[in-house]
Amino acid sequence: EEVRPREIEDPDPVNRPWVEWTQEEGTGVKTSDEIEEFQTKDEDPVQLRFSMSRKRRLFRQNTPHVGIARFFDAESVETEDFKPYRDPQFKEQVEMGPGVYGTRFLLRDKASNCVPVTNESSTQSERFRLVNSMVQYYPIVSEPEEEEREGIDQAVLEMLQRTLPGCHQALLTNATFKVFEDDLASLGDEETLGNTSDNAIREYTSPFTDINYSKNKTISAIDWMPDAKGVVAVACVDSAPLDEQVGSDGKVHASHILIWNFKDPIHPQMVLEAPSDVFCFRFNPKNSDLLCAGCASGQVIYWELSDAKQKAKGKSGNAEEDQESNTEVQSIKYALASTIEGSHRRAVSNICWLPPGKEVHARTGTLVPPTTSGGVSQQMVSLAPDGMLLFWDLRVTKDDKNGAVLWTPIYRILMNSLEFSGDLAGTQLCLNPAEEGEDATKFHIGTEAGELVEGSWTLPEDKDEASTFIQKSNTSHFGSIVAVQRSPFFDDTIMTVGDWTFNLHRSGASEPSVRSSFAPTYLTTGRFSPTRPGVTYTGRADGSIDVWDLMDRSHEPSLVHNVGPAAVTALEFWGDPGGNLQLLAVGDQQGTLHVLEIPRNLRRAIPLELQSVEDLLNRELSRVHYMETRLKFRTQELSVKEAEDEELRAAAAEAAAKAAAALQAAREAAEAEAAALADDKADVKEEEEEEQEGQAKLDKADEAVEATYRALEAAYREKVGMDPK
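All of these numbers come straight from a predicted model, not from anything done at the bench.

Novice: Explain a negative patch on the surface here, please?
Specialist: A grouping of D679, D680, D683, E686, E687, E688, E689, E690, E691 and E693 is seen on the molecular surface, where their side chains present a negatively charged patch. The exposure class assigned to E691 is exposed, which follows from its relative accessible area of 58%.

Novice: Where do I start with the packing of aromatic side chains in this structure?
Specialist: Here a ring pair, both rings aromatic, is described through the centre-centre distance and the interplanar angle of the planes. A complete count under the given rule lists 13 aromatic pairs for this structure. Ring plane angle 85° and centroid distance 5.9 Å describe the contact between W224 and F262, whose orientation is recorded as edge-to-face. Here W224 is found in strand β4 (residues 217–224), whereas its partner F262 is found in the loop between β6 (255–261) and β7 (270–274), with 38 residues between them in sequence. Each member of the pair, W224 together with F262, is buried. An aromatic cluster is present here, built from Y204, F208, W224, W260, F262 and W574 joined pairwise through their rings.

Novice: Just to check I follow, could you spell out the pairing of strand β29 (residues 544–549) for this structure?
Specialist: A regular strand carries its side chains on alternate faces of the sheet. Along β29, 6 of the 6 residues are buried, which leaves the element largely enclosed by surrounding structure. Where burial is concerned, the two faces of β29 agree: the one with S544, D546 and W548 and the one with I545, V547 and D549 are both buried. Summarising the sheet, strand β28 (residues 535–540) and β29 pair through 5 bridges and their orientation is antiparallel. Across the sheet, the residue bridging to T538 is D546, located in β29. With antiparallel pairing between neighbouring strands as the criterion, β28 and β29 make up a hairpin whose turn holds 3 residues, including G543 at a positive phi of roughly 90°. Bridging between β29 and strand β30 (residues 559–562) involves 4 bridges; their strand directions are antiparallel.

Novice: In this structure, what is going on with the side chain of S516? I would like to understand it.
Specialist: Looking at the secondary structure, you find S516 in the loop between β26 (514–515) and β27 (523–528). Not counting residues up to four positions away in its chain, the partners in contact with S516 are T501, F502, N503 and W548.

Novice: Mind showing me how you'd approach the nonpolar core here?
Specialist: A general tendency of soluble globular proteins is for nonpolar side chains to be buried together. Judged by nonpolar contacts, the single largest core of 22 residues is most densely connected at I257, I259, L272, V278, F281, F283 and W303. Listing elements by their share of this core, those giving two or more residues are β5 (231–238), β6, β7, β8 (278–283), β9 (290–295) and β10 (300–304). With sequence-adjacent residues up to four places away left out, W303 is seen in contact with I257, L272, E273, A274, D289, L290, L291, A293, I332, K333, Y334 and A335. Within the second largest apolar cluster, 20 residues are counted, among which are V360, M415, L429 and W457.

Novice: How do you make sense of unusual backbone geometry when you look at a structure like this?
Specialist: Where the residue is not glycine, phi is negative for most of them; where a peptide bond is considered, it is trans in most cases. Of note, the phi angle at N216 is positive, near 60°, even though the residue is not glycine. For N216, the position within the fold is in the loop between β3 (202–203) and β4. For L608, which is not glycine, the phi torsion reads 60° and is therefore positive. Among the structural elements, L608 can be located in the loop between α7 (600–603) and α8 (609–720). Judged by relative accessible area, L608 falls into the exposed class, the value being 68%.

Novice: Would you mind showing me how to read the environment of C430 here?
Specialist: Topologically, C430 is positioned in strand β19 (residues 426–431). For the pair formed by C430 and E454, sequence separation is 24 residues and the distance between their alpha carbons is 9.7 Å. Filtering out sequence-adjacent residues up to four positions away, C430 remains in contact with F443, H444, V484, Q485 and R486.

Novice: How should I be thinking about the pattern of salt bridges in this particular structure?
Specialist: A side chain with one charge can pair with a side chain of the opposite charge if their charged atoms come near. Summed over all chains, the structure comprises 24 salt bridges. Between E609 and R532 there is a salt bridge; the shortest N-O distance is 3.1 Å. Placement of the pair is E609 in helix α8 and R532 in the loop between β27 and β28, with a sequence separation of 77 residues. Across the pair, R532 and E609 agree in class, each one buried.

Novice: Help me understand the sheet that holds β8 in this model?
Specialist: Strand-to-strand pairing in sheets goes through backbone hydrogen bonds, with the strands running parallel or antiparallel. Across the sheet, 4 strands lie side by side as β8-β9-β10-β12; this open sheet has antiparallel pairing. Both outer strands of the open sheet, β8 and β12 (336–337), are each paired with one neighbouring strand and no more. In the sheet, β10 pairs with β12 via 2 bridges, with the strands oriented antiparallel. Considered in β12, the bridge of I301 is made with A337.

About the thresholds
- Residues numbered from 1 in each chain as written.
- Predicted model: local features only at pLDDT ≥ 70, side-chain atom pairs only at ≥ 80, totals over all residues.
- Heavy atoms only, no water.
- Patch = residues over 30% accessible without salt bridge, like charges linked within 9 Å, V, L, I, M, F, W, Y side chains within 5 Å.
- Areas by Shrake-Rupley, 256 points an atom, 1.4 Å probe, with all protein chains shown as cover.
- Salt bridge = Lys/Arg side-chain N within 4 Å of Asp/Glu carboxyl O.
- Lys, Arg positive; Asp, Glu negative; His and termini not counted.
- Charge placed at Lys NZ, Arg CZ, Asp CG, Glu CD.
- Buried < 20%, exposed > 50% of the residue type's maximum accessible area, 1.4 Å probe, protein only.
- Phe/Tyr/Trp six-rings, centres within 6.5 Å; stacked < 30°, edge-to-face > 60°.
- Helix = DSSP H or I, 4+ residues; strand = E, 2+ residues; numbered from the N terminus.
- Pairing = 2+ DSSP bridges.
- Contact = heavy atoms within 4.5 Å.
- Core = buried A, V, L, I, M, F, W, Y, C linked by side-chain atoms within 4.5 Å.

Quick look at the structure:
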């Protein structure tokens, strides 16, 4: 028996021309004719079709004229006859043949039998006409000899047989062990270990309040003692209503700064007396024995606490035993106070110590090499809403004629607002950390009008009459700015808190790079996290703290912690050098000091957080620059458009003026022509009247001549004896 050749696929299928084939040349039936016989064709391609449509907005609506479109089965089917109809608008087309009116299929004799068949279906696609198609192919065969020549190499087959068991064993091993999975990744983050309560903010100690000095008062400022653990100072001011404050104006009103120790939450360790309410104070960062404060009277005062600390330790030198047994509160009077004449005209809103590497010249305000020993700064700077920035030096004092010590500022500048008239009403101050160069004398100030201004306390060398201490200004809040702080991780990033939002400003941008969403209540204060670059804390007027984590979300706070029923007025961080403990001191409007412990997930930075936050700020800065460029471009386009509109308006006005002038000229020409025509008519009328008068005169002369002739004729007839007529 003959071996049938094996059919193989064409490795390179291509479209080839149709080849007509018959069994016997000239006697058989063609392949195309056979295909035609198997096809079913409609004699009349024109079919009766129905189309029902409705506007999308009317779906499922009960309109007054149409109602709700619904399909249902009819009880009976009515049939109608469609009679032939010839449209009179079509004329006979001679070129298409006799009896053709417009189209070959205009008249049709067709009978249809309608059957009651219903169908429920829905579709949003179009139906395409079915097309009969065909293809001609023939198998590609190969001879057995070719198959033998193209067979698989025996060496390759042996190699595959040898490696098959090893590959099978490797596949089984991979199915048993996940060799590409990181085993350490399944351990999770350290912050997720333990109870969920470890990730919540909680009270570290019981609240601090004193019935004599802080109850029903407002905590205006908080600061931790630098070289002591568990010691925090708070300033308490009177929270009386405005009418009571006006009634007590001019009277002596003492205020206090309370220094609390965690070992005794009932009695303050020290009480510092002040001549008036203290709105701001700061410990010296290098020497906690020095403390300066700003008062409501505009004065700047400072205390020397070394003797009080020694007294608190006691004679035995055991501070713990003495503090537990001794409940008597030490009252300490200020060591030095500035004069009223040389101080601010309004309440001091912020005060800070100059860094140890900076020292201001007494006359010019320029930076000079430090003259202090031990790296302890002796100079400070104060700010008030009166527009003045005053520099103080603890070593520069003088005596009056009565022997009293007079303390006045060594250098002062007066600042004016760039966007508003009058003095710059500063509320918060932030110095530049640079110690050399032009940036060393720069500062940022938040104002009562919601401005963040950047300036320098020294004027440039090539100054002119227009030179000012304020260099830049932008309005970022609707109300007064209550907090300004530079990021501890990015020197060019500053946070401002005011009204219902907090903003992050980058140097080189005219508006904030990051704006928070609006809080439900007023924001009263705010602080950066000292250990996490992307975390900020803001205090609210309803007694809560919003924790914003930019690594988690940016449209809302990641955590809202309720501190108490009174408004939060002050926030200040303290951190353990080892990083195992971080405390947040919170002061409220009722004079209560709360100390909160920050959980690990909020005090420990996540991997690559610094780089991620920097990338976020850079992207937002690029967005701000792009918006500024687009705003300038759009402003330029608007000015060009306005100029074009003005030219079009001028051209239209000129064309209208020309048209009006032409109309006026035409009107005047028409009036002149009408006047000339009237004059011509009057002249013609006068000529006619004169002609009529002349004709009348001629008629009268003719009548007289005729009468004379008649009389002469009658006389002649009578003379000759003729009969007169």
